[in-house]
Amino acid sequence: MDWNVVAQYLPLFEKAAWLTLRLGLAGIALAIVIGLVCALVQYYKVSVLRRVVGFYIQLSRNTPLLVQLFFIYYGLPKIGIRTDAAVCGIAGLAFLGGSYMVEAFRSGLESIEPIQTESAYSLGMDRMQTMRYVILPQAMSTSVPAFVANVIFLLKETSVFSAISLMDLMFTAKDLIGLYYKTTESLFLLVVFYLLILLPVSLLGSLLERRLRYAGFGA
Amino acid sequence: MAEPILTVEHLVKGYGENTVLDDVSFSVRPGEVVVVVGPSGCGKSTLLRCINALEPTQSGRVRLGNETVAYGGKGLTSLRQRIGMVFQSYELFPHLTVLDNVMLAPLKVAKRPKDEVQKEAEALLDRVNLLNKARSYPRELSGGQKQRVAIVRALAMHPEILLFDEVTAALDPEMVREVLDVMLDLAKQGRTMIIVTHEMQFARAIADRVIFLDGGKIVEESTPEAFFDHPKTERAQKFLRTFTFDSVK
(Lines give C-alpha, C1' and ligand atoms only; values in the text may rest on other atoms or scores of the structure.)
Protein backbone atom coordinates (compact mmCIF):
# COMPACT_ATOMS: atom_id res chain seq x y z
CA MET A 1 0.00 0.00 0.00
CA ASP A 2 1.22 3.43 -0.98
CA TRP A 3 0.68 5.86 1.89
CA ASN A 4 1.22 8.81 -0.42
CA VAL A 5 -1.80 7.69 -2.40
CA VAL A 6 -3.76 7.30 0.81
CA ALA A 7 -2.85 10.83 1.84
CA GLN A 8 -3.73 12.09 -1.59
CA TYR A 9 -7.17 10.44 -1.55
CA LEU A 10 -7.95 11.43 1.99
CA PRO A 11 -9.72 14.74 1.19
CA LEU A 12 -11.90 13.00 -1.39
CA PHE A 13 -13.02 10.42 1.14
CA GLU A 14 -13.52 13.06 3.76
CA LYS A 15 -15.85 14.94 1.47
CA ALA A 16 -17.69 11.74 0.60
CA ALA A 17 -18.00 10.81 4.26
CA TRP A 18 -19.75 14.08 5.00
CA LEU A 19 -22.17 13.40 2.17
CA THR A 20 -22.83 9.89 3.44
CA LEU A 21 -23.37 11.20 6.94
CA ARG A 22 -25.56 14.09 5.85
CA LEU A 23 -27.82 12.02 3.62
CA GLY A 24 -27.85 9.16 6.11
CA LEU A 25 -28.86 11.31 9.05
CA ALA A 26 -31.49 13.18 7.04
CA GLY A 27 -32.98 9.89 5.86
CA ILE A 28 -32.91 8.45 9.36
CA ALA A 29 -34.53 11.55 10.84
CA LEU A 30 -37.35 11.23 8.34
CA ALA A 31 -37.56 7.49 8.99
CA ILE A 32 -38.02 8.21 12.70
CA VAL A 33 -40.91 10.56 11.96
CA ILE A 34 -42.52 8.04 9.57
CA GLY A 35 -41.93 5.24 12.07
CA LEU A 36 -43.43 7.13 14.97
CA VAL A 37 -46.52 8.24 13.06
CA CYS A 38 -47.13 4.74 11.66
CA ALA A 39 -46.54 3.11 15.05
CA LEU A 40 -49.13 5.43 16.61
CA VAL A 41 -51.58 4.63 13.82
CA GLN A 42 -51.15 0.96 14.61
CA TYR A 43 -51.23 1.48 18.37
CA TYR A 44 -54.51 3.37 18.25
CA LYS A 45 -55.83 1.00 15.54
CA VAL A 46 -56.90 3.88 13.29
CA SER A 47 -59.27 2.09 10.91
CA VAL A 48 -58.29 2.72 7.29
CA LEU A 49 -54.84 4.18 7.89
CA ARG A 50 -53.88 1.02 9.70
CA ARG A 51 -54.24 -0.97 6.46
CA VAL A 52 -52.28 1.61 4.52
CA VAL A 53 -49.49 1.37 7.08
CA GLY A 54 -49.57 -2.43 6.92
CA PHE A 55 -49.24 -2.32 3.14
CA TYR A 56 -46.41 0.21 3.35
CA ILE A 57 -44.49 -1.92 5.83
CA GLN A 58 -44.72 -5.02 3.65
CA LEU A 59 -43.75 -3.10 0.51
CA SER A 60 -40.88 -1.36 2.22
CA ARG A 61 -39.40 -4.32 4.04
CA ASN A 62 -39.70 -6.78 1.20
CA THR A 63 -38.00 -4.81 -1.53
CA PRO A 64 -34.30 -3.96 -1.63
CA LEU A 65 -33.22 -0.37 -1.11
CA LEU A 66 -31.51 -0.43 -4.48
CA VAL A 67 -34.81 -1.20 -6.18
CA GLN A 68 -36.57 1.48 -4.16
CA LEU A 69 -33.92 4.01 -5.17
CA PHE A 70 -34.18 3.07 -8.84
CA PHE A 71 -37.92 3.45 -8.62
CA ILE A 72 -37.63 6.92 -7.11
CA TYR A 73 -34.69 8.06 -9.26
CA TYR A 74 -35.68 6.63 -12.65
CA GLY A 75 -39.36 5.83 -12.18
CA LEU A 76 -40.87 8.95 -10.66
CA PRO A 77 -39.54 11.34 -13.36
CA LYS A 78 -41.60 9.34 -15.88
CA ILE A 79 -44.76 10.56 -14.12
CA GLY A 80 -43.40 14.07 -13.89
CA ILE A 81 -41.86 14.03 -10.42
CA ARG A 82 -38.29 15.11 -10.88
CA THR A 83 -35.91 15.64 -7.98
CA ASP A 84 -32.18 15.62 -7.58
CA ALA A 85 -30.25 12.57 -6.55
CA ALA A 86 -29.67 13.71 -2.96
CA VAL A 87 -33.39 14.07 -2.32
CA CYS A 88 -33.95 10.66 -3.92
CA GLY A 89 -31.37 9.12 -1.63
CA ILE A 90 -32.90 10.64 1.46
CA ALA A 91 -36.41 9.67 0.36
CA GLY A 92 -35.33 6.10 -0.37
CA LEU A 93 -33.62 5.70 2.96
CA ALA A 94 -36.63 7.18 4.76
CA PHE A 95 -38.96 4.85 2.88
CA LEU A 96 -36.93 1.81 3.87
CA GLY A 97 -36.06 2.99 7.37
CA GLY A 98 -39.60 4.04 8.20
CA SER A 99 -40.87 0.49 8.27
CA TYR A 100 -37.98 -0.71 10.42
CA MET A 101 -38.58 2.15 12.83
CA VAL A 102 -42.30 1.32 12.98
CA GLU A 103 -41.49 -2.15 14.22
CA ALA A 104 -39.06 -0.82 16.82
CA PHE A 105 -41.53 1.74 18.15
CA ARG A 106 -44.51 -0.57 17.92
CA SER A 107 -42.88 -3.27 20.02
CA GLY A 108 -41.98 -0.59 22.54
CA LEU A 109 -45.54 0.71 22.69
CA GLU A 110 -46.98 -2.78 22.96
CA SER A 111 -44.68 -3.63 25.83
CA ILE A 112 -46.49 -1.11 28.05
CA GLU A 113 -49.40 -2.72 29.89
CA PRO A 114 -52.81 -1.17 29.04
CA ILE A 115 -53.42 -0.60 32.74
CA GLN A 116 -50.71 2.08 32.70
CA THR A 117 -52.96 3.98 30.31
CA GLU A 118 -55.91 3.45 32.63
CA SER A 119 -53.84 4.65 35.54
CA ALA A 120 -53.09 7.86 33.62
CA TYR A 121 -56.74 8.22 32.56
CA SER A 122 -57.88 7.85 36.16
CA LEU A 123 -55.74 10.88 37.03
CA GLY A 124 -57.69 12.86 34.46
CA MET A 125 -55.15 12.75 31.65
CA ASP A 126 -56.45 12.80 28.11
CA ARG A 127 -55.11 10.58 25.33
CA MET A 128 -52.43 13.02 24.24
CA GLN A 129 -51.13 13.63 27.74
CA THR A 130 -51.14 9.91 28.49
CA MET A 131 -49.13 9.20 25.35
CA ARG A 132 -46.71 12.03 25.87
CA TYR A 133 -45.99 11.76 29.57
CA VAL A 134 -46.65 8.11 30.40
CA ILE A 135 -46.59 5.72 27.43
CA LEU A 136 -44.09 7.21 24.99
CA PRO A 137 -41.21 7.74 27.44
CA GLN A 138 -41.46 4.14 28.58
CA ALA A 139 -41.98 2.78 25.07
CA MET A 140 -38.99 4.74 23.77
CA SER A 141 -36.60 3.35 26.30
CA THR A 142 -37.80 -0.17 25.47
CA SER A 143 -37.28 0.59 21.79
CA VAL A 144 -33.72 1.81 22.15
CA PRO A 145 -31.86 -1.44 21.31
CA ALA A 146 -33.92 -2.01 18.15
CA PHE A 147 -33.69 1.67 17.33
CA VAL A 148 -29.89 1.71 17.57
CA ALA A 149 -29.65 -1.41 15.43
CA ASN A 150 -31.83 0.29 12.82
CA VAL A 151 -29.69 3.43 12.76
CA ILE A 152 -26.57 1.37 12.16
CA PHE A 153 -28.29 -0.73 9.52
CA LEU A 154 -29.54 2.35 7.69
CA LEU A 155 -26.19 4.11 7.77
CA LYS A 156 -24.66 1.05 6.14
CA GLU A 157 -27.43 0.90 3.58
CA THR A 158 -26.34 4.32 2.31
CA SER A 159 -23.60 2.45 0.42
CA VAL A 160 -26.09 1.76 -2.38
CA PHE A 161 -26.50 5.50 -2.95
CA SER A 162 -23.59 5.25 -5.37
CA ALA A 163 -25.98 3.53 -7.78
CA ILE A 164 -27.87 6.79 -8.32
CA SER A 165 -24.59 8.66 -8.86
CA LEU A 166 -24.38 10.21 -5.41
CA MET A 167 -20.74 10.76 -4.56
CA ASP A 168 -20.77 8.97 -1.28
CA LEU A 169 -17.98 6.81 0.17
CA MET A 170 -18.81 3.79 -1.95
CA PHE A 171 -19.01 5.88 -5.12
CA THR A 172 -15.69 7.55 -4.39
CA ALA A 173 -13.94 4.23 -3.78
CA LYS A 174 -15.35 2.62 -6.92
CA ASP A 175 -14.55 5.73 -8.92
CA LEU A 176 -10.93 5.85 -7.81
CA ILE A 177 -10.47 2.12 -8.39
CA GLY A 178 -11.95 2.45 -11.87
CA LEU A 179 -9.84 5.46 -12.82
CA TYR A 180 -6.46 4.70 -11.27
CA TYR A 181 -6.54 1.02 -10.23
CA LYS A 182 -5.52 2.00 -6.68
CA THR A 183 -7.65 -0.78 -5.27
CA THR A 184 -5.87 -1.41 -1.96
CA GLU A 185 -5.65 2.23 -0.94
CA SER A 186 -9.24 2.95 -1.93
CA LEU A 187 -10.70 -0.05 -0.12
CA PHE A 188 -8.57 0.69 2.92
CA LEU A 189 -9.91 4.22 3.11
CA LEU A 190 -13.43 2.97 2.47
CA VAL A 191 -13.32 0.65 5.48
CA VAL A 192 -11.67 3.26 7.68
CA PHE A 193 -14.28 5.89 6.90
CA TYR A 194 -17.23 3.60 7.40
CA LEU A 195 -15.78 2.62 10.77
CA LEU A 196 -15.21 6.27 11.63
CA ILE A 197 -18.90 6.93 11.05
CA LEU A 198 -20.35 3.78 12.56
CA LEU A 199 -18.18 3.03 15.59
CA PRO A 200 -19.17 6.20 17.45
CA VAL A 201 -22.82 5.48 16.66
CA SER A 202 -22.47 1.96 18.04
CA LEU A 203 -20.72 3.13 21.18
CA LEU A 204 -23.23 5.90 21.74
CA GLY A 205 -25.98 3.36 21.24
CA SER A 206 -24.74 0.96 23.88
CA LEU A 207 -24.20 3.86 26.25
CA LEU A 208 -27.81 4.92 25.71
CA GLU A 209 -29.04 1.37 26.21
CA ARG A 210 -27.28 1.10 29.51
CA ARG A 211 -28.55 4.44 30.73
CA LEU A 212 -32.13 3.75 29.75
CA ARG A 213 -32.38 0.18 30.93
CA TYR A 214 -34.72 1.24 33.74
CA ALA A 215 -35.63 4.85 33.39
CA GLY A 216 -37.25 6.46 30.38
CA PHE A 217 -36.66 9.64 28.52
CA GLY A 218 -37.53 12.77 30.37
CA ALA A 219 -37.07 11.00 33.67
CA MET B 1 -79.17 13.96 55.00
CA ALA B 2 -76.67 15.36 52.52
CA GLU B 3 -77.07 14.95 48.79
CA PRO B 4 -75.11 12.00 47.41
CA ILE B 5 -71.75 12.76 45.77
CA LEU B 6 -71.96 9.74 43.56
CA THR B 7 -74.96 7.82 42.32
CA VAL B 8 -74.90 4.56 40.41
CA GLU B 9 -78.21 3.99 38.65
CA HIS B 10 -79.26 0.63 37.21
CA LEU B 11 -75.83 -0.17 35.88
CA VAL B 12 -75.72 -3.12 33.48
CA LYS B 13 -72.46 -4.40 32.09
CA GLY B 14 -71.65 -7.58 30.22
CA TYR B 15 -69.09 -9.15 27.95
CA GLY B 16 -71.09 -10.95 25.27
CA GLU B 17 -73.37 -13.50 26.93
CA ASN B 18 -71.77 -12.99 30.29
CA THR B 19 -73.44 -10.40 32.53
CA VAL B 20 -70.95 -8.90 34.97
CA LEU B 21 -73.08 -6.17 36.53
CA ASP B 22 -76.82 -6.69 36.67
CA ASP B 23 -78.87 -3.62 37.51
CA VAL B 24 -76.58 -2.23 40.20
CA SER B 25 -77.80 0.88 42.00
CA PHE B 26 -76.44 2.64 45.05
CA SER B 27 -75.27 6.06 46.14
CA VAL B 28 -72.49 7.47 48.23
CA ARG B 29 -72.86 10.55 50.41
CA PRO B 30 -70.02 12.95 51.25
CA GLY B 31 -67.68 11.55 53.87
CA GLU B 32 -69.10 8.09 53.57
CA VAL B 33 -66.96 4.96 53.29
CA VAL B 34 -68.64 2.22 51.29
CA VAL B 35 -66.96 -1.16 51.21
CA VAL B 36 -67.84 -3.59 48.44
CA VAL B 37 -67.22 -7.25 49.17
CA GLY B 38 -68.07 -10.45 47.38
CA PRO B 39 -66.61 -13.59 45.85
CA SER B 40 -64.05 -13.44 43.04
CA GLY B 41 -65.57 -12.57 39.73
CA CYS B 42 -68.67 -11.04 41.29
CA GLY B 43 -68.06 -7.79 39.44
CA LYS B 44 -66.52 -5.70 42.22
CA SER B 45 -63.55 -4.49 40.23
CA THR B 46 -65.66 -4.01 37.12
CA LEU B 47 -68.00 -1.85 39.18
CA LEU B 48 -65.14 0.48 40.14
CA ARG B 49 -63.86 0.57 36.58
CA CYS B 50 -67.33 1.52 35.33
CA ILE B 51 -67.67 4.28 37.93
CA ASN B 52 -64.48 5.74 36.47
CA ALA B 53 -65.67 5.09 32.90
CA LEU B 54 -62.66 2.94 32.12
CA GLU B 55 -65.11 0.51 30.57
CA PRO B 56 -68.27 0.91 28.52
CA THR B 57 -71.58 -0.16 30.04
CA GLN B 58 -74.70 -1.47 28.36
CA SER B 59 -77.19 0.63 30.28
CA GLY B 60 -77.69 2.65 33.41
CA ARG B 61 -75.51 5.55 34.40
CA VAL B 62 -73.07 6.93 36.93
CA ARG B 63 -73.61 10.42 38.23
CA LEU B 64 -71.03 12.55 39.97
CA GLY B 65 -72.83 15.48 41.51
CA ASN B 66 -75.08 16.65 38.68
CA GLU B 67 -72.94 15.29 35.88
CA THR B 68 -72.97 11.95 34.12
CA VAL B 69 -69.75 9.98 33.91
CA ALA B 70 -69.98 8.12 30.61
CA TYR B 71 -67.42 6.05 28.71
CA GLY B 72 -66.22 8.21 25.83
CA GLY B 73 -68.53 10.95 27.05
CA LYS B 74 -68.01 14.70 27.08
CA GLY B 75 -65.92 16.22 29.82
CA LEU B 76 -64.74 12.81 30.94
CA THR B 77 -61.20 13.93 31.74
CA SER B 78 -62.42 16.68 34.04
CA LEU B 79 -64.84 14.28 35.74
CA ARG B 80 -62.07 11.73 36.24
CA GLN B 81 -59.97 14.38 37.93
CA ARG B 82 -62.65 14.44 40.59
CA ILE B 83 -62.50 10.65 41.06
CA GLY B 84 -59.29 9.19 42.45
CA MET B 85 -58.46 5.56 41.77
CA VAL B 86 -55.92 3.22 43.31
CA PHE B 87 -55.17 -0.07 41.57
CA GLN B 88 -54.22 -3.48 42.91
CA SER B 89 -50.98 -3.42 40.91
CA TYR B 90 -50.09 0.17 42.00
CA GLU B 91 -49.48 1.34 38.39
CA LEU B 92 -46.95 3.96 39.31
CA PHE B 93 -45.12 5.36 36.30
CA PRO B 94 -41.79 3.51 36.39
CA HIS B 95 -39.84 6.15 34.47
CA LEU B 96 -40.63 8.90 36.97
CA THR B 97 -39.43 9.44 40.52
CA VAL B 98 -41.89 9.15 43.38
CA LEU B 99 -42.21 12.93 43.54
CA ASP B 100 -42.72 13.24 39.78
CA ASN B 101 -45.34 10.49 39.89
CA VAL B 102 -47.27 12.52 42.41
CA MET B 103 -46.73 15.85 40.65
CA LEU B 104 -47.38 14.81 37.04
CA ALA B 105 -51.17 15.13 36.95
CA PRO B 106 -51.45 18.26 39.14
CA LEU B 107 -48.90 19.98 36.87
CA LYS B 108 -49.92 18.76 33.44
CA VAL B 109 -53.64 18.15 33.93
CA ALA B 110 -54.72 20.58 36.64
CA LYS B 111 -51.99 23.01 35.46
CA ARG B 112 -51.27 24.22 38.96
CA PRO B 113 -48.10 26.18 39.75
CA LYS B 114 -45.05 24.01 40.41
CA ASP B 115 -44.02 25.45 43.79
CA GLU B 116 -47.43 24.88 45.23
CA VAL B 117 -47.75 21.37 43.79
CA GLN B 118 -44.33 20.34 45.04
CA LYS B 119 -45.02 21.67 48.52
CA GLU B 120 -48.25 19.76 48.69
CA ALA B 121 -46.78 16.58 47.21
CA GLU B 122 -44.02 16.61 49.81
CA ALA B 123 -46.49 17.21 52.60
CA LEU B 124 -48.62 14.30 51.41
CA LEU B 125 -45.61 12.02 51.10
CA ASP B 126 -44.54 13.04 54.57
CA ARG B 127 -47.94 12.12 55.88
CA VAL B 128 -47.45 8.52 54.67
CA ASN B 129 -43.83 8.53 55.87
CA LEU B 130 -42.31 8.45 52.41
CA LEU B 131 -40.78 11.89 52.08
CA ASN B 132 -37.34 10.28 52.22
CA LYS B 133 -38.26 8.31 49.08
CA ALA B 134 -39.34 11.36 47.05
CA ARG B 135 -36.33 11.10 44.72
CA SER B 136 -36.44 7.31 44.43
CA TYR B 137 -37.85 5.43 41.49
CA PRO B 138 -40.78 3.06 41.99
CA ARG B 139 -38.55 0.01 41.36
CA GLU B 140 -36.62 0.91 44.52
CA LEU B 141 -39.72 0.70 46.72
CA SER B 142 -41.47 -2.18 48.41
CA GLY B 143 -45.02 -3.06 47.43
CA GLY B 144 -46.48 -1.33 50.45
CA GLN B 145 -44.47 1.79 49.75
CA LYS B 146 -45.54 1.79 46.12
CA GLN B 147 -49.17 1.52 47.10
CA ARG B 148 -48.85 4.40 49.56
CA VAL B 149 -47.33 6.51 46.78
CA ALA B 150 -50.21 5.52 44.51
CA ILE B 151 -52.66 6.74 47.16
CA VAL B 152 -50.77 10.00 47.52
CA ARG B 153 -50.71 10.41 43.75
CA ALA B 154 -54.50 10.11 43.67
CA LEU B 155 -54.88 12.54 46.60
CA ALA B 156 -52.73 15.18 44.91
CA MET B 157 -55.54 15.75 42.41
CA HIS B 158 -57.94 16.67 45.25
CA PRO B 159 -60.55 14.09 44.26
CA GLU B 160 -64.03 14.26 45.72
CA ILE B 161 -64.19 10.51 45.97
CA LEU B 162 -61.58 7.76 46.05
CA LEU B 163 -61.89 4.29 44.57
CA PHE B 164 -59.73 1.50 45.95
CA ASP B 165 -59.55 -1.67 43.90
CA GLU B 166 -58.22 -4.50 46.08
CA VAL B 167 -55.23 -2.37 46.91
CA THR B 168 -53.68 -4.84 49.35
CA ALA B 169 -54.32 -8.01 47.35
CA ALA B 170 -50.84 -8.05 45.80
CA LEU B 171 -49.00 -7.25 49.03
CA ASP B 172 -47.11 -9.41 51.48
CA PRO B 173 -49.00 -9.70 54.77
CA GLU B 174 -46.63 -7.46 56.72
CA MET B 175 -47.11 -4.68 54.19
CA VAL B 176 -50.88 -4.86 54.13
CA ARG B 177 -51.09 -3.05 57.44
CA GLU B 178 -49.17 0.05 56.43
CA VAL B 179 -51.49 0.58 53.48
CA LEU B 180 -54.65 -0.07 55.46
CA ASP B 181 -53.49 2.38 58.12
CA VAL B 182 -53.21 5.09 55.49
CA MET B 183 -56.76 4.34 54.39
CA LEU B 184 -58.04 4.42 57.96
CA ASP B 185 -56.39 7.78 58.33
CA LEU B 186 -58.18 9.00 55.20
CA ALA B 187 -61.49 7.78 56.61
CA LYS B 188 -60.82 9.72 59.80
CA GLN B 189 -60.23 12.84 57.71
CA GLY B 190 -63.73 12.39 56.32
CA ARG B 191 -62.76 11.32 52.81
CA THR B 192 -65.45 9.79 50.64
CA MET B 193 -64.35 6.34 49.53
CA ILE B 194 -65.50 3.21 47.79
CA ILE B 195 -63.31 0.30 48.77
CA VAL B 196 -63.22 -3.12 47.18
CA THR B 197 -61.39 -5.49 49.48
CA HIS B 198 -60.97 -9.03 50.75
CA GLU B 199 -59.76 -7.86 54.18
CA MET B 200 -62.91 -8.50 56.19
CA GLN B 201 -61.60 -7.23 59.53
CA PHE B 202 -60.55 -4.05 57.84
CA ALA B 203 -63.86 -3.74 56.02
CA ARG B 204 -65.69 -3.98 59.30
CA ALA B 205 -63.47 -1.35 60.89
CA ILE B 206 -63.59 1.23 58.14
CA ALA B 207 -67.00 0.84 56.51
CA ASP B 208 -69.99 3.05 57.12
CA ARG B 209 -71.86 0.74 54.81
CA VAL B 210 -71.15 -2.65 53.27
CA ILE B 211 -72.36 -3.74 49.87
CA PHE B 212 -72.29 -7.47 49.19
CA LEU B 213 -72.07 -8.14 45.48
CA ASP B 214 -72.64 -11.61 44.08
CA GLY B 215 -73.25 -12.61 40.48
CA GLY B 216 -73.24 -8.95 39.46
CA LYS B 217 -76.14 -8.06 41.74
CA ILE B 218 -76.25 -6.25 45.06
CA VAL B 219 -77.40 -9.03 47.36
CA GLU B 220 -77.10 -7.18 50.66
CA GLU B 221 -76.48 -3.61 51.64
CA SER B 222 -76.25 -2.76 55.33
CA THR B 223 -74.12 -1.51 58.19
CA PRO B 224 -70.91 -3.47 58.83
CA GLU B 225 -72.26 -4.75 62.14
CA ALA B 226 -75.44 -6.03 60.57
CA PHE B 227 -73.64 -7.56 57.62
CA PHE B 228 -70.82 -9.30 59.46
CA ASP B 229 -72.78 -10.39 62.55
CA HIS B 230 -76.17 -11.16 61.07
CA PRO B 231 -75.97 -11.60 57.32
CA LYS B 232 -79.51 -11.91 56.06
CA THR B 233 -79.04 -13.95 52.93
CA GLU B 234 -77.82 -17.49 52.52
CA ARG B 235 -75.26 -16.33 49.97
CA ALA B 236 -73.73 -13.76 52.30
CA GLN B 237 -73.58 -16.31 55.10
CA LYS B 238 -71.81 -18.76 52.84
CA PHE B 239 -69.39 -16.10 51.65
CA LEU B 240 -68.49 -14.99 55.18
CA ARG B 241 -67.95 -18.58 56.27
CA THR B 242 -65.04 -18.81 53.80
CA PHE B 243 -63.14 -16.44 56.08
CA THR B 244 -63.49 -18.49 59.26
CA PHE B 245 -61.89 -21.80 60.15
CA ASP B 246 -62.97 -24.55 62.49
CA SER B 247 -60.23 -25.85 64.72
CA VAL B 248 -59.09 -29.38 63.86
CA LYS B 249 -57.61 -30.06 67.31
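Parameters and conventions
- Residues numbered from 1 in each chain as written.
- Chains lettered and ligands numbered in written order.
- Predicted model: local features only at pLDDT ≥ 70, side-chain atom pairs only at ≥ 80, totals over all residues.
- Heavy atoms only, no water.
- Helix = DSSP H or I, 4+ residues; strand = E, 2+ residues; numbered from the N terminus.
- Buried < 20%, exposed > 50% of the residue type's maximum accessible area, 1.4 Å probe, protein only.
- Pairing = 2+ DSSP bridges.
- Axes fitted to C-alpha atoms, helices over the stretch in contact; angles between N-to-C directions.
- Contact = heavy atoms within 4.5 Å.
- Buried area = accessible area lost by both parts, 1.4 Å probe.
- Salt bridge = Lys/Arg side-chain N within 4 Å of Asp/Glu carboxyl O.
- Polar contact = N/O pair within 3.5 Å; in protein donor to acceptor, adjacent residues only side chain to side chain.
- Nonpolar A, V, L, I, M, F, W, Y, C, P; charged D, E, K, R; others polar.
- pLDDT = per-residue confidence, 0-100.

## Brief notes about unusual backbone geometry
Here is step 1: With a phi angle near 60°, A:Tyr181 is a residue other than glycine that sits in the positive phi range.
Here is step 2: Of note, A:Tyr181 is situated in the loop between helix H7 (169–180) and helix H8 (183–211).
Here is step 3: In this structure, B:His158 takes a positive phi of about 50° despite not being glycine.
Here is step 4: Topologically, B:His158 is positioned in the loop between helix H5 (143–155) and strand S7 (161–165).
Here is step 5: B:His158 sits in the partly exposed class, given a relative accessible area of 45%.

## Quick word on the sheet that holds strand S1 (residues 6–15) of chain B
Residue and element names in this part refer to chain B.
Here is step 1: Read from one edge of the open sheet, four strands run S2-S1-S4-S5, paired in antiparallel fashion. Each edge of the open sheet carries a strand with a single partner, namely strand S2 (18–28) and strand S5 (67–69). With direction set aside, neighbouring strand axes in the sheet form an average angle of 30°.
Here is step 2: Here S1 pairs with strand S4 (residues 59–64) via five bridges, running antiparallel. Note that in S4 the partner of glutamate 9 across the bridge is arginine 61.

## Description of the interface of chain A and chain B
Here is step 1: If you look at the interface, chain A gives 22 residues, while chain B gives 26 residues.
Here is step 2: Across the interface of chain A and chain B, roughly 2,000 Å² is buried in total on both sides, 63% from carbon and sulfur atoms.
Here is step 3: Its largest share of buried area at the contact with chain B, chain A owes to A:Ser122, A:Leu123 and A:Tyr133, together 30% of the area lost on that side.
Here is step 4: For the pair chain A and chain B, the number of links is one salt bridge.
Here is step 5: Counting across the interface, chain A meets chain B through seven residue pairs in polar contact (both at pLDDT 80 or more).
Here is step 6: Listed by contribution, the elements that provide at least two residues to the side of chain A that touches chain B are helix H5 (114–122) and helix H6 (127–157) of chain A.
Here is step 7: Among the elements that line the side of chain A that touches chain B, the one with the most residues is H5(A), at seven residues.
Here is step 8: Within the side of chain A that touches chain B, the residues separate by chemical class into 12 nonpolar, eight polar and two charged.

## A few points about the confidence of the model for chain B
Here is step 1: Summing up the model confidence of chain B, the mean pLDDT is 94 and the portion of residues at 70 or higher is 100%.
Here is step 2: Scored as a complex, the prediction yields pTM 0.87 and ipTM 0.93.

## Quick word on the pattern of salt bridges
Oppositely charged side chains may form a pair once their charged atoms are brought near each other.
All names here are of chain B.
Here is step 1: Tallied over the entire structure, the rule returns 20 salt bridges over all chains.
Here is step 2: Residue arginine 82 pairs with glutamate 67 through a salt bridge whose shortest N-O separation is 3.0 Å. In this pair, arginine 82 is assigned in the loop between helix H2 (76–81) and strand S6 (83–86) and glutamate 67 in strand S5, connecting sequence segments 15 residues apart.
Here is step 3: Here arginine 127 ties to aspartate 185 by a salt bridge, and the two come within 3.2 Å at their closest N and O atoms. Within this pair, whereas arginine 127 is found in helix H4 (residues 114–127), its partner aspartate 185 is found in helix H6 (residues 173–188), the two being separated by 58 residues in sequence.

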